[in-house]
Amino acid sequence: EKFAAKLDDLFTTNDKLAGREQPDITGLIGQYAHGNEPSHHIAYLYNYAHQPWKTQNLVRKIMDEFYKPEPDGLIGNEDCGQMSAWYILSASGFYPVAPGDGVYAFGTPLFPEMTYRLENGKTFTVKAKNVSSTNKYILNAKLDGVPYKKAFIRHEDIMRGGVLEFSMIDQPVTTAFDEFPLSGSNVRSVAVPVIDGGARVFSGKSTVSLTTITPNANFYYTVNGKTLPSGEWMLYDKPFEITETTEIKAVAVGDKNVRSLVAEAKFIAKPNNWTVNIENKYNRQYTGGGDEGLIDGIRGTVNFASGEWQGYQPKDLIATIDLQRETTITKLGGGFLQNARSWIWMPTRIVFETSMDGVTFTKAAEIKTDVDPTDMKEQIKDYVTTISPTKARYVRIHAYNLGKIPAWHPGAGDDAFIFVDEILID
């Protein structure tokens, strides 16, 4: 009942999705997003909660509302055919919630009759007596003419060939089945520990704690990348403090000395006490960890979606760094990414200014970038220039966006991105 109630909450909530923006959040029912293919099994989970009529109602709703013969009639994007595969299987009246276990949970058939021509030469036919737009609930089922009381069918039953026949009705039926698919295994396991150290980047010190959902488990951990034999791991007894960049590895150990997999986390001590003020807001999907991502010492990889990059579209990057005190500066720069296939280009030029009071700024350097906009290679480059020793408290960077995507590019006319991971000041 509690599991079913949680599913009800997912499909009926009015709460909006929060956090990092996801492009596949389409086809919403509550917070269920049919446009996000890894969600496709969720409507079938009511079978595991012994309430299959709710699956039947939802699956028919999804088929009716999110698949239409129109130019924009398919919710989400067709990743390798998964959107269509879901529809075909669901129209058959069943779906593999966990494909590896060979079990297909029942949903609701869409057509009066469907036939699969199997690779072994046999056929498997699904019939749905009285099915209609309103008759979407299963009254009863038969397999090869024999009453069938399971809310699922196994792969081997399908491959033997035969006829699965549903009788359909317009009202939910709570007694149609008396056997339901199971979730779980007989394998003894311990959940990996959660390493909680607050923010990924910290100033001064941070407190680290270990938890797991496995009751009565003990924890063992190491710090700074030391993968030691089990007898040399430290026993965790309470939260501990760290004051420098620290890598933590931890395991949970349960009954009969069953160990979890190793969890890993790295917490980074901020290399300075600087602050930053950003003029143009970065893209919500590419935050680089927030405003201070520009001065936290964390560098990006060629994977633009890995989380270290801060993206600006269509405006320029304009940021002012407060060094907190008068400082002698000899080098200025920034780290940037180009991935032209994904609409990300190096800035066309980068201008640096310095100031003592944060009001009056003087130009200190200008860098003209040298990566060809037509270069489709994914690449990172630090643009750094040496300047005459200059005393300043504030540094302002202005990295100029390419602007509209050129005519030769498939995205021609749309807005280009600038991706930056760090402002570099020596």
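Everything that follows concerns the structure shown earlier in this document.
Looking only at helices and strands, one finds four helices and 25 strands in the chain. On C-alpha atoms alone, the chain measures out to a radius of gyration of 29 Å, which is more than a quarter above the 22 Å that the 2.2 N^0.38 rule sets for 426 residues. On the principal axes, the C-alpha backbone points of the chain span a range of 90 × 65 × 40 Å. Counting only residues that meet the buried cut, the chain has 46% of its 426 residues in that class. Contacts in the chain between residues at least 24 apart in sequence constitute 66% of all its contacts with a sequence separation of at least 6. Put simply, the chain shows about 22300 Å² of open surface, and 49% of that area lies on carbon and sulfur atoms. Within the chain, one finds 44 positive and 52 negative side-chain charges whose respective centroids are separated by 2 Å.

Another point: the nonpolar core. The biggest cluster of nonpolar side chains holds 50 residues, and the ones touching the most others in it are F94, F124 and I153. Every element with two or more residues in this core is listed here: α1 (2–12), α2 (52–66), α3 (82–92), β3 (94–95), β4 (103–106), β6 (123–129), β7 (137–143) and β10 (162–169). The greatest single-element share of this core, amounting to five residues, is contributed by α2. Setting aside chain neighbours within four positions, we find I153 in contact with F94, G102, V103, Y104, F106, F124, L143, Y148 and I158. Listed in part, the 30 residues of the second largest apolar core include M346, I350, F352 and A399.

Here we take up the pairing of strand β17 (residues 246–253). The buried count for β17 comes to seven of eight residues, which makes it a mostly enclosed element. Bridging between strand β14 (residues 218–223) and β17 involves six bridges; their strand directions are antiparallel. Within β17, the residue paired with Y220 across the bridge is V251. For β17 and strand β18 (residues 263–269), the ladder comprises five bridges, and the chain directions are antiparallel. Across the sheet, A250 pairs through a bridge with A263, a residue of β18.

This part is about the sheet that holds β3. Where strands meet in a sheet, backbone hydrogen bonds hold them as pairs that are either parallel or antiparallel. Taken in spatial order, the three strands line up as β3-β4-β9 in an open sheet, and their pairing is antiparallel. In this open sheet, the two strands that pair with only one neighbour each are β3 and β9 (152–154). With two bridges joining them, β3 and β4 adopt antiparallel strand pairing. Each bridged residue has a counterpart across the sheet, and for F94 the counterpart in β4 is F106.

Read across the open sheet, the five strands follow the order β12-β18-β17-β14-β15; overall the sheet is mixed. Unpaired on one side and paired on the other, β12 (201–202) and β15 (234–235) mark the two borders of the sheet. In the sheet, β14 pairs with β15 via two bridges, with the strands oriented antiparallel. Pairing of Y221 across the sheet is with M234, part of β15.

Among the structural elements, T108 can be located in the loop between β4 and β5 (113–117). Looking at T108, its side chain comes within polar contact range of the main-chain oxygen of K136, at 2.6 Å. Look past the residues within four positions of T108 in its chain and what remains in contact with it is Q56, V59, R60, M63, S90, G93, K136 and M168.

What follows concerns the packing of aromatic side chains. The full count for this structure, using the stated rule, is 21 aromatic pairs. Between Y221 and F240, the aromatic rings sit 4.7 Å apart at their centres with planes inclined by 5°, giving stacked as the arrangement. Pair noted here: Y221 is in strand β14 and F240 is in strand β16 (residues 240–242), with a separation of 19 residues, a long-range link. One exposure class covers both Y221 and F240, and it is buried. Summarising the aromatic geometry, the rings of Y282 and Y312 are spaced 6.3 Å apart at their centres and angled 90° between planes, so their arrangement reads as edge-to-face. Of the two residues, Y282 sits in the loop between β19 (275–278) and β20 (310–312) while Y312 sits in strand β20, which places them 30 residues apart along the sequence. Each residue in the set F94, Y104, Y116 and F124 is aromatic and connected to the rest through ring pairs, giving one cluster. Over the face of the ring belonging to Y400 we find R349, whose NZ or CZ atom lies 3.9 Å from the ring centre. The ring of F361 is capped by R396, whose NZ or CZ atom sits 3.9 Å from the centre of that ring.

Bringing unusual backbone geometry into the picture now. That bond from Q313 to P314 is cis: its omega, 0°, falls within 30 degrees of zero. A positive phi angle, near 70°, is found at N130, a position not held by glycine. Note that N130 resides in the loop between β6 and β7. Here the phi dihedral of Q324 falls at roughly 75°; this positive angle occurs in a residue that is not glycine. Its place among the elements puts Q324 in strand β21 (residues 317–338).

Quick look at α1 now. Listing the buried residues of α1 in full gives A4, L7 and F11. Looking down the long axis of α1, one finds its buried residues gathered within 60° of arc, a one-sided arrangement. For α1, the exposed residues lying more than 90 degrees away from the buried face are K2 and K6.

What follows concerns the packing of α2 against α3. A pair of packed helices is characterised by two quantities: the angle between their axes and the separation of those axes. Viewed as axis vectors pointing N to C, α2 and α3 meet at an angle of 130°, and their least axial separation amounts to 11 Å. Relative to α3, the element α2 lies oblique. Once α2 is placed against α3, the crossing between them reads as left-handed. Residue-level contacts link V59, I62 and M63 of α2 to W86, Y87, S90 and A91 of α3. Taken together, the residues that form the contact of α2 with α3 break down as six nonpolar, one polar and no charged.

Parameters and conventions
Residues numbered from 1 in each chain as written. Predicted model: local features only at pLDDT ≥ 70, side-chain atom pairs only at ≥ 80, totals over all residues. Heavy atoms only, no water. Helix = DSSP H or I, 4+ residues; strand = E, 2+ residues; numbered from the N terminus. Rg over C-alpha atoms; globule rule 2.2 N^0.38 Å. Buried < 20%, exposed > 50% of the residue type's maximum accessible area, 1.4 Å probe, protein only. Contact = heavy atoms within 4.5 Å. Areas by Shrake-Rupley, 256 points an atom, 1.4 Å probe, with all protein chains shown as cover. Lys, Arg positive; Asp, Glu negative; His and termini not counted. Charge placed at Lys NZ, Arg CZ, Asp CG, Glu CD. Core = buried A, V, L, I, M, F, W, Y, C linked by side-chain atoms within 4.5 Å. Pairing = 2+ DSSP bridges. Polar contact = N/O pair within 3.5 Å; in protein donor to acceptor, adjacent residues only side chain to side chain. Phe/Tyr/Trp six-rings, centres within 6.5 Å; stacked < 30°, edge-to-face > 60°. Lys NZ or Arg CZ within 6 Å of the ring centre and 35° of its normal. Arc of directions from axis to C-beta. Axes fitted to C-alpha atoms, helices over the stretch in contact; angles between N-to-C directions. Parallel < 35°, antiparallel > 145°, perpendicular 65-115°, else oblique. Left-handed = near helix turned anticlockwise from the far one by under 90°. Nonpolar A, V, L, I, M, F, W, Y, C, P; charged D, E, K, R; others polar.

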